[in-house]
Structures are given as C-alpha cells and as structure tokens.
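# Overview (structure and organization)
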Amino acid sequence: MSIEPPAGRVLQVNVSPGGVPKLAVDEGWVGRDGLDGDAHDHDAVHGGPHRAICLFASEAIERVRADGHSGVGPGSVGENLTTQGIELALLPVGTRLAIGDEVVLEISGPANPCDVIKGAFVAGKSGRISILLHPADSRMYARVERDGVVRPGDPIRVMPARGGTVAAVHHELDLLDTVEREAWLAMWRAAAESGFDVRIVDKGDTAAAASPDLPGSVFNRAFGMRQVPIHRPRMEALFRDAGAPGWLVVGVDDPEFAGRELDWPVGVHVGPMAVALVRAADGGAPTIDGLAIRRVDPDDAAEAARWADLFVAGFAIEEPIAGAWRRLNPILVRARGYQQFIGSLDGRDIAASALFNRRRVGWLGAGTVLPEARGRGIQRALIADRVRRAAEAGSTRVMATAEIDTPSAANLERFAIRRIWTRGHLRVDPSAR
C-alpha cells in the first residue's frame, strides 16, 4: 500500500490564556478539549470537544492581507494551528488531517468571526474571514480523533471523510441545537413574564432555566453541554441557587458523562423539507374525515386558552405546571416564529400542536391528541400539517425530538425525519456539591 505524500505542514502552533493574539510556542499537546495551555475569552461560543482546535491557512492570511488588513498574521485571529499548503476552508466537514506522527484531527465546521478578533481588521471588519462572505478564507474548527504533540514543521496529510462522520453529525446539530434553544428560551421567558420565578441563562451555546416555582424538567434544564461542557459548573450552580433539581441535556455516548445514569433517552430527528413534503403528500398521514386543523390567532385570548387546555389534557399535566401553561401561553403564542394549532374532529377540539420556524428550520414542538380520539392517525396528520406550514414559511429542514422506540419516533420516520443523535438527561441534585 502506498502512503500519500504530505499535502502541507504546520507553520505555527499558537496558544493564549484568552483573547488574541495567540502566541507561537515550540510545541503543544493536543487533547480532546484542545491545546494544553490554551483558553478563550468567549468560552460559551469557542472551545469544547467539537471545536477543540482552530486552524487557519497561511494562503488565506495572504489574501486577507492583500485586501489591506495588515494586522492579520499567524495567531492574530486566534487560530491554534497556522498551516501552509492546504486550502483548509475548502475541505468538506469530516475531512481528516494526520499531523506529524501522532495527531489526527477531523474538520468539524467553520469558525465564525467574533468581536474579539476585530482589532486585527481595518475598521473592525472581521467579516472578511466569514465563510458566508469569503468561502475560501474562513478559519476552521476540528475535533481531535487522536491525541499527541504538534510542532511547527510537522507534515499534514489530508485523508477523506469516513461515512457517517461524527463531525458531520455535530455540524448539523450545531444548527439544530441553536433553533431548539431559541424555542425553549421563548417558553421560559413567557413563564417569567407571566409572573413565575424562572431564572434564565442565555449565553452563547448555553441556555438554561431554573425555577423554584415550577418543579420538573421542563423549567429546570440546561442545554449546551455537548458544545461547551466547561460551563457545567455554572449550570449546576444555577440549580443549586434556585433550590430546584435540574437536568443537563447530554449525549448518551459523551465520554464526559460515561457511567452516569441518565434519565429518559430522546432522539434528535431531522430531515430535508423536500422529502418530508413528498411523504406528507404520498400517504405519510391518512385522510381523516371530519378533521380540520386551524392556527391559533395570537390576538384571540380564548383560542390561546383553548390550546393550553388541550395541551394540558392531552399530556395529563398536573399542577402547578398545568396552571403555568395556562398563564404563560397567551404570551408564548406571540413569540416571533412561534405558531400553535388546534385540531378538531367533526367540530370538536381534540388535538394541539406547535411549530417554531427559525434559521430556515421548522422545529416541530410537542403535539398531543386527547385519549378518546387516538388510534386514528391524527398525530401523523398534525406532523404533515406542520411540515407544509414550515415549508410555506421558508424552512428547508424539519426537526423534532422524540423518546426512543415510541410511536412518536415512528411517526417522524414515516416522513423521513430521521434520528441522528440520542441524548439523555443528567439529574442535578441541588444539595450536591
């Protein structure tokens, strides 16, 4: 078997205790969470196992400098490895880089420019290295497949992505998680605005709520542990300060939480809108005589109250959470991108569902059917209805979550909304230290 020749080399290895520039070092140890001795000022949006290493090609640096941004050089915009000989930003997500004798990285996605690096650019225009504006000149993030030491001069071999790469899945999850966080934040803010003590954190890739008033996981959970587990202590402190048990949303296969007992595994599902629409039209949902689905008018208080009653009854929600939903829903239904629907059968209201459109993703919120109307395919009809409405709103993907091996999960699969990841919920005892 022949060995492919090196495609490039490491020009510079860079670290800092936070902020920029990152300064050159003679060598660095690359581990799961990045380079030893390196840190970030904005650690809610940088770092973590799926953005462990930031790379920047010297070819891109030269093009940026040619545009007049003379402050841009190796390490100035926060990359850990400055490379030579490879157009990094043109590599597909999942491409692997074998560096030196030990390290293997997997490209996980672009590094979006932030305010920390704007000082290196004329007039602070750090968008010059945005992949959206200049696709060849972006910095790139990478996961660490194999630990080891990196040094300037180390050769880099480019290896193709493997099928079903972890990096590709997590690149997709970055978008989906952002949309889902925004949907949950809308609900938590509606609860707070309606008078409940709901303490909310919204910072970068983390979002959390803790409520002394509203027990249970809905108003006491934290997102972001997949991307930035460094914020776990802050999330746990939030629950302790509220005196409320909370739940961290974590991957079931995340080594960070290996051996820990996780509550109720949930699948994250996603599918292309075009395929979901075809399935909706080709029998993904049955034709049900007498079924009509209407959108709740945000200005109609009675309709908002009716939706909340159906939602509470369908999921058998008990107090005090039932009362919370009735109080918060007139606010929630007005949230940007949020829509609610009521299904009626022969003129009698029997179902409730929700949809949140953001970033061209249609997030299918919870849908429920009253017990006496179940077994007729109405849940599938609710999915088909929201798929069509999300497409009309301009969404190109559709996502949802469902507990593993349940009818809800099977219904999503009928519409080619496939499970790509499984997560669990790690309970945090507020009395634990």
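Here, the structure is the one placed above.
In this report, we go over the structure that sits alongside the text. Here the structure is a predicted model, which is why all the values come from computation and not from measurement. (Residues numbered from 1 in each chain as written. Predicted model: local features only at pLDDT ≥ 70, side-chain atom pairs only at ≥ 80, totals over all residues. Heavy atoms only, no water.)

## Some details on the overall build of the protein
Selection criterion: In this description a helix means any DSSP run of H or I spanning at least four residues, a strand means any run of E spanning at least two, and both kinds are numbered starting from the N terminus. Whether a residue is buried, partly exposed or exposed follows from its accessible area with a 1.4 Å probe, protein chains only, as a fraction of its type maximum: under 20%, in between, or over 50%, in that order. Residues are treated as being in contact if the distance between any of their heavy atoms lies within 4.5 Å.
Scanning the protein from terminus to terminus reveals eight helices and 23 strands. Projected onto its principal axes, the C-alpha coordinates of the protein cover approximately 75 × 50 × 45 Å. Burial statistics for the protein: of 433 residues in total, 54% are counted as buried. Sequence-distant contacts in the protein: of pairs separated by 6 or more residues, those separated by 24 or more amount to 71%.

## Quick notes on the packing of helix H4 (residues 273-281) against helix H7 (residues 378-392)
For the record, the criterion: To obtain each axis, a line is fitted to C-alpha atoms, and for helices this fit is confined to the stretch in contact; angles are then taken between N-to-C directions over 0 to 180 degrees. Roughly parallel refers to an angle under 35 degrees, roughly antiparallel to one over 145, roughly perpendicular to one between 65 and 115, and oblique to any angle outside these ranges. Crossing handedness follows the turn of the near helix against the far one: under a right angle anticlockwise gives a left-handed crossing, and clockwise gives a right-handed one. Here the nonpolar group is Ala, Val, Leu, Ile, Met, Phe, Trp, Tyr, Cys and Pro; Asp, Glu, Lys and Arg are the charged ones; every other residue, Gly included, is treated as polar.
Where H4 contacts H7, the two axes come as close as 9 Å, and the packing angle between them is 135°. Comparing the axis directions of H4 and H7 gives the class oblique. Considering how the two elements wind past one another, H4 and H7 form a crossing that is left-handed. Counted together, Met273, Ala276, Leu277 and Ala280 of H4 and Ala384, Val387, Arg388, Ala390 and Ala391 of H7 form the full contact between these two elements. Looking at side-chain class alone, the contact of H4 with H7 contains eight nonpolar, no polar and one charged residues.

## Digging into the nonpolar core
To keep it simple, the criterion reads: Nonpolar cores were defined as sets of buried Ala, Val, Leu, Ile, Met, Phe, Trp, Tyr and Cys residues, with membership established by side-chain atoms within 4.5 Å.
Counting residues in hydrophobic clusters, the biggest one holds 73 residues, and the most contacted among them are Trp188, Trp325 and Ile378. Ranked by the residues each element gives to this core, the list is headed by helix H2 (residues 166-193), at eleven residues. With residues near it in sequence (within four places) discarded, tryptophan 188 still touches Val198, Ile200, Ala207, Ala208, Ala209, Val218, Phe219, Arg221 and Phe223. Core analysis: the second largest hydrophobic core is formed by 34 residues, Val15, Val30, Leu55 and Ala142 among them.

## Regarding the sheet that holds strand S3 (residues 28-31)
Heads up, the condition is: Here a strand pair is declared whenever DSSP counts at least two bridges between the two strands.
With respect to topology, three strands assemble into an open sheet ordered S4-S3-S10, the strand pairing being antiparallel. In this open sheet, the two strands that pair with only one neighbour each are strand S4 (34-35) and strand S10 (148-150). Judged from the three bridges that link them, S3 and S10 form a sheet pairing that is antiparallel. Bridged to tryptophan 29 within S10 is valine 149.

## Examining helix H5 (residues 301-314)
Basically, it comes down to this: By this rule the span expected of a helix is its residue count minus one, scaled by 1.5 Å. Any N or O atom pair separated by 3.5 Å or less is treated as a polar contact, with the protein-specific requirement of one donor-capable and one acceptor-capable atom, and with residues adjacent in sequence counted only for side-chain atom pairs.
Helix length check: H5, at 14 residues, gives a terminal C-alpha distance of 20 Å against a target of 20 Å (1.5 Å per residue), a fit within 8%. Restricting attention to buried positions, one finds in H5 the residues Glu303, Ala304, Trp307, Ala308, Leu310, Phe311, Val312 and Gly314. Against strand S17 (291-295), helix H6 (321-332), strand S18 (338-345), strand S19 (348-358) and strand S21 (368-369) lie the buried residues of H5. One side-chain oxygen at the N-terminal end of H5 lies 3.1 Å from the backbone nitrogen of alanine 302; it belongs to aspartate 300.

## Things to note about the packing of H5 against H6
Interhelical geometry of H5 versus H6 gives an angle of 150° and a closest axis separation of 9 Å. What the angle tells us is that H5 and H6 run roughly antiparallel. Seen along the crossing, H5 lies across H6 with a hand that is right-handed. Contacts between H5 and H6 involve Ala304, Trp307, Ala308, Asp309, Phe311 and Val312 on the former and, on the latter, Ala322, Trp325, Arg326, Asn329 and Pro330.

## Describing the packing of aromatic side chains
Threshold: By convention, a stacked pair of Phe, Tyr or Trp rings (six-membered ring in the case of Trp) has centres within 6.5 Å and planes under 30 degrees apart, an edge-to-face pair has planes over 60 apart, and any other such pair is tilted. In our convention, an over-ring charge means Lys NZ or Arg CZ found within 6 Å of a ring centre and within 35 degrees of that ring's normal.
Under the definition given, this model contains nine aromatic pairs. With centroids separated by 5.6 Å and ring planes inclined at 55°, the aromatic side chains of tryptophan 184 and phenylalanine 223 adopt a geometry described as tilted. With tryptophan 184 in helix H2 and phenylalanine 223 in strand S14 (residues 221-223), this residue pair connects regions lying 39 residues apart in the sequence. Across this residue pair, the class does not change: tryptophan 184 and phenylalanine 223 are buried. Chaining the aromatic ring pairs together yields one cluster made of Trp307, Phe311, Phe315 and Trp325. The side chain of arginine 327 reaches across the aromatic face of phenylalanine 196, ending 3.9 Å from its centre.

## Focus on the pattern of salt bridges
Rules: One speaks of a salt bridge when a side-chain nitrogen belonging to Lys or Arg is within 4 Å of a carboxyl oxygen belonging to Asp or Glu.
Under the criterion given, the structure shown has 31 salt bridges. Aspartate 349 is paired through a salt bridge with arginine 306; the nearest N and O atoms lie 3.2 Å apart. Taken together, the positions of aspartate 349 in strand S19 and arginine 306 in helix H5 put the pair 43 residues apart, joining distant regions of the chain. Taking relative accessible area as the criterion, arginine 306 reaches 31% and is therefore assigned partly exposed. Each of Arg63, Asp67, Glu87, Arg128 and Asp137 takes part in a single network of salt bridges with overlapping partners.

## Let's talk about the environment of isoleucine 131
Relative to the helices and strands, isoleucine 131 is located in the loop between strand S8 (103-111) and strand S9 (139-146). C-alpha separation for the pair isoleucine 131 and asparagine 112, spaced 19 residues apart in sequence, amounts to 7.4 Å.

## Digging into the pairing of S3
Here S3 runs beside S4; their pairing, made up of two bridges, is antiparallel. Bridge pairing in S4 places valine 30 opposite leucine 35. Between S3 and S4, which pair antiparallel one after the other, the connecting turn spans two residues.

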